[in-house]
Amino acid sequence: MLEIFQYGFMRNALAAGVLVSIACGIIGTYVVINRIVFLSGGIAHAAYGGIGLGYYLGINPVLGAIIFSIASSLGMGMVHRKTGQRSDTIIGVMWAIGMAIGIIFLDMSPGYKADLMTYLFGSILAVPASDLVIMLVLNVIIISLVSLFYRQLQAISFDETFAFVVNVPVDRLYLMLVCLIGLTVVMTMRIVGLIMVIALMTMPPAIAGLFVKDMKRMMALSVLLSVLFSFTGLMLSYYLNLTSGATIILVAGVAYLISFLIQKSRQKRKAEANLQSAN
Amino acid sequence: MVNQDLTPKAVIETKNVWVSYDAQTVLEDINLTVNETDFIGLIGPNGGGKTTLLKALLGLIKPTSGEIRIMGKTVAEGRCYMGYVPQHIEFDRQFPIRVWEVVQMGLLGCRKPFAPLSSAEREVIQYALEQVEMDNLSQRAIGELSGGQRQRVYIARALVSNPQILLLDEPTASVDPQVAGNIYELLRRINQTVTIVMVSHDMNAVSSYVKTIGCLNRKLHYHGSKEVSKDMMEAIYECPIDLIAHGLPHRVLSSHESEGEKHA
């Protein structure tokens, strides 16, 4: 099994898996507890516009994706804050427009777009060292901002009305959070593709949330689970010759299902025990 | 001391405050002066604007016209002196936050955002939890608590910033009578130094714990006394069941004429 580590691309893949898992575990926790999965999915898909822009301008598509993703994060974040009930409609529209822009840009770009599928479905085995550097920088940004504003972010996630009343700058922090989601989306896109980004961001925190009731622990457990899923998925895809991104997502999906069943049966046993002690 | 009693210090002042949602007027020409260590119970029918008035005082809603001053300052500055206990809120029971962290929220506004908690701040949180008798559950997740326990945590969160004014919106809506009694006793103790404005449906509580009663049905009927006057009766007449079913003590009512007339 260890022989696969002799390949440089495999070491890069594993490093990418760890780096992405750190961002996904931390930011995914906020996505899950704020219940903004749809918004985050919208940011992920709208980032495709940036890929197209990158090709069209002849710059690194990842750079285009970062710009587009931040812009759509701010746009969708503001819509979500200001329009109340029907914001999901507008977010859905922006989601589609972002993708459409990407496709049109690609139509207008000359040449053969060989690695386009990479951005849609991910390719952990094709992560170059330069992308690892980008991931490292983004992780540093994410971890510093989250640790600086940990209490404030927890407060606006739990009870934004109260946070507003005690003069926490709710709007600005919220926009910062969606921008961090945007950056995480761009990183995660390399691994599982923008179509499946949202699954890798939400499944590990969703599982962690079933077992721990502390936010820091939830983040830590999410990171560990995310690393575990990426490694397992990567190994399976290598030995079974399957698409890596999809395999990682399926591993996470199976784990989610199992932990859900474990949780249900634990609750049932607890309820039965309570009933017995009551009798 | 005597001087202070003669000229009470106003902590909240509203002048000609109107609030409308779209075309509907919810609050009409509210003029309210709340003085230091007042304990005002606000009653009134559903949709009468009680919660809206609290929201306006907190800056959650901007009045359509009129002015609100808190401790002589604007709402955004003045709310630093206020503690707020919201109406029972629907929330995610899975939310990963501990009781201690919920109370800590009350401190976030008026401090440096990045500094770690000082030992003085830890003590203040501990003290607030002790006041509501929740210190032994400080490490519990908020979703594991009962409705009454959660309400006490929210009161601790409002107290932790050492407010001069406490605003409460139906603080006992979701708790059993015994817990409600404890909460009111606690409020009475706090009221020795803290001004309290409380919205409530609980007429018993309002009549036995508060110092003065105001009635809100679009317009505010408040005379700085505990008597429910004729105009207030008429204003709340839309929900007479509360008044009669709870066997409101007679001393609260100034006159029974209006009641008799309407019933006849």
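For the structure itself, consult the block above.
Residues numbered from 1 in each chain as written. Chains lettered and ligands numbered in written order. Predicted model: local features only at pLDDT ≥ 70, side-chain atom pairs only at ≥ 80, totals over all residues.

Glancing now at the overall build of chain A. For chain A, the count of helices and strands is twelve helices and zero strands. Listing every helix and strand of chain A by position from the N terminus yields α-α-α-α-α-α-α-α-α-α-α-α. The C-alpha extent of chain A, read off along each of the three principal axes, is 75 × 55 × 30 Å. Considering chain A as a whole, with its 279 residues, one finds that 47% of them fall into the buried category. Intrachain contacts of chain A at a sequence separation of at least 6 include 73% that bridge at least 24 residues. (Helix = DSSP H or I, 4+ residues; strand = E, 2+ residues; numbered from the N terminus. Buried ≥ 20, exposed ≤ 12 C-beta atoms within 10 Å, placed from the backbone. Contact = placed C-beta atoms within 7 Å.)

As a further point, take the overall build of chain B. On a plain count of helices and strands, chain B comes out with eleven helices and nine strands. Burial analysis of chain B (264 residues in total) assigns 42% to the buried set. Partitioning the contacts of chain B with sequence separation of at least 6, the portion at a separation of at least 24 is 71%.

On to the sheet that holds strand E9 (residues 219-222) of chain B, then. Residues and elements named next belong to chain B. Spatially, the six strands line up as an open sheet ordered E5-E6-E7-E3-E8-E9, and their pairing is mixed. Sheet topology places strand E5 (82-85) and E9 at the edges, where each strand pairs with a single neighbour. When strand polarity is set aside, the average angle formed by the axes of neighbouring strands in this sheet is 15°. Most of the contacts of helix H6 (residues 147-159) go to E5, to which it runs at about 165°, and overall it touches E5 and strand E6 (165-169). (Pairing = 2+ DSSP bridges. Axes fitted to C-alpha atoms, helices over the stretch in contact; angles between N-to-C directions.)

This part takes up the interface of chain A and chain B. The interface of chain A with chain B comprises 23 residues on the first partner and 20 residues on the second. Mapped onto the side of chain A that touches chain B, the elements with two or more residues apiece are helix H7 (150-158), helix H8 (160-165) and helix H11 (215-240) of chain A. Its residues assigned to classes, the side of chain A that touches chain B shows 14 nonpolar, five polar and four charged. (Nonpolar A, V, L, I, M, F, W, Y, C, P; charged D, E, K, R; others polar.)

A word on unusual backbone geometry. Residues and elements named next belong to chain B. Its identity is not glycine, yet Asn16 carries a phi of approximately 45°, on the positive side. Phi angles above zero are rare outside glycine, and Glu170 is one such case at about 50°. Inspection of the secondary structure assignment puts Glu170 in the loop between E6 and helix H7 (177-190).

To continue, consider the sheet that holds strand E4 (residues 65-70) of chain B. Residues and elements named next belong to chain B. What the three strands build is an open sheet, ordered E2-E1-E4; its pairing is antiparallel. The strands lining the two open edges of the sheet, one partner per strand, are strand E2 (24-35) and E4. Neighbouring strand axes in the sheet, compared pairwise and without regard to direction, differ in orientation by 15° on average. Of the pairings in the sheet, the one linking strand E1 (residues 10-21) to E4 comprises five bridges and is antiparallel in character.

On to the nonpolar core. Residues Ala47, Val197 and Leu200 of chain A together with Val103, Ala156 and Leu167 of chain B are the most contacted members of the largest nonpolar core, which totals 155 residues. Among all residues touching Val103 of chain B, those that are not within four sequence positions of it are Ile125, Ala128, Leu129, Val153, Ala156, Arg157 and Val160 of chain B. (Core = buried A, V, L, I, M, F, W, Y, C linked by C-beta atoms within 7 Å.)

Moving on, we come to helix H2 (residues 37-57) of chain A. Residues and elements named next belong to chain A. Taking 1.5 Å as the rise per residue, H2 with 21 residues should run 30 Å; its terminal C-alpha atoms sit 31 Å apart, in good agreement. Burial of H2 is extensive: 17 of the 21 residues sit out of reach of the surface. Once H2 finishes, Gly58 follows within two positions and takes phi at roughly 70°, a positive value. (Expected span 1.5 Å × (residues − 1).)

This next bit is on helix H4 (residues 87-108) of chain A. Residues and elements named next belong to chain A. Between its first and last C-alpha, H4 extends 32 Å over 22 residues, near the 32 Å set by a 1.5 Å rise per residue. When H4 is considered as a whole, its buried residues turn out to be Ile91, Met94, Trp95, Gly98, Gly102 and Phe105. What you see down the axis of H4 is that its buried residues fit within an arc of 105°, all on one side. Opposite its buried face, H4 presents the exposed residues Thr89, Val93, Ala96, Asp107 and Met108, each directed more than 90 degrees away. Each element contacted by the buried residues of H4 is listed here: H2 and helix H3 (61-82). (Arc of directions from axis to C-beta.)

Residue and element names in this part refer to chain A. Its place among the elements puts Ile207 in helix H10 (residues 197-211). In this structure, the C-alpha to C-alpha distance between Ile207 and Ser222, residues 15 residues apart in sequence, is 7.6 Å. With sequence-adjacent residues up to four places away left out, Ile207 is seen in contact with Leu225, Ala255, Tyr256 and Ser259.

Our focus in this paragraph is the pairing of E9 of chain B. Residues and elements named next belong to chain B. Two elements, strand E8 (residues 212-217) and E9, share four bridges in a ladder whose sense is antiparallel. When the bridges of E9 are listed, Cys215 appears paired with His221. Hairpin connection from E8 to E9: one residue lie between these consecutive antiparallel strands, with Arg218 at a positive phi of about 70°.

A word on the packing of helix H1 (residues 8-33) of chain A against H10 of chain A. All names here are of chain A. Across the interface, H1 lies against H10 with an axial gap of 8 Å and an inter-helix angle of 75°. The orientation of H1 with respect to H10, classified from their angle, is roughly perpendicular. Contacts from Cys24, Gly25, Ile27, Gly28, Thr29, Val31 and Val32 of H1 reach H10 at Leu200, Met201, Thr202, Pro204, Pro205, Ala206 and Gly209. Grouping the constituent residues of the contact of H1 with H10 by class yields nine nonpolar, five polar and no charged. (Parallel < 35°, antiparallel > 145°, perpendicular 65-115°, else oblique.)

On to the environment of Met10 of chain A. Residues and elements named next belong to chain A. For Met10, the position within the fold is in helix H1. Its 16 C-beta neighbours within 10 Å are what place Met10 among the partly exposed residues. In sequence terms Met10 and Val185 are 175 residues apart; their C-alpha atoms lie 22 Å from each other. For Met10, the residues in contact, after removing those within four places along its chain, are Ile4 and Phe5.

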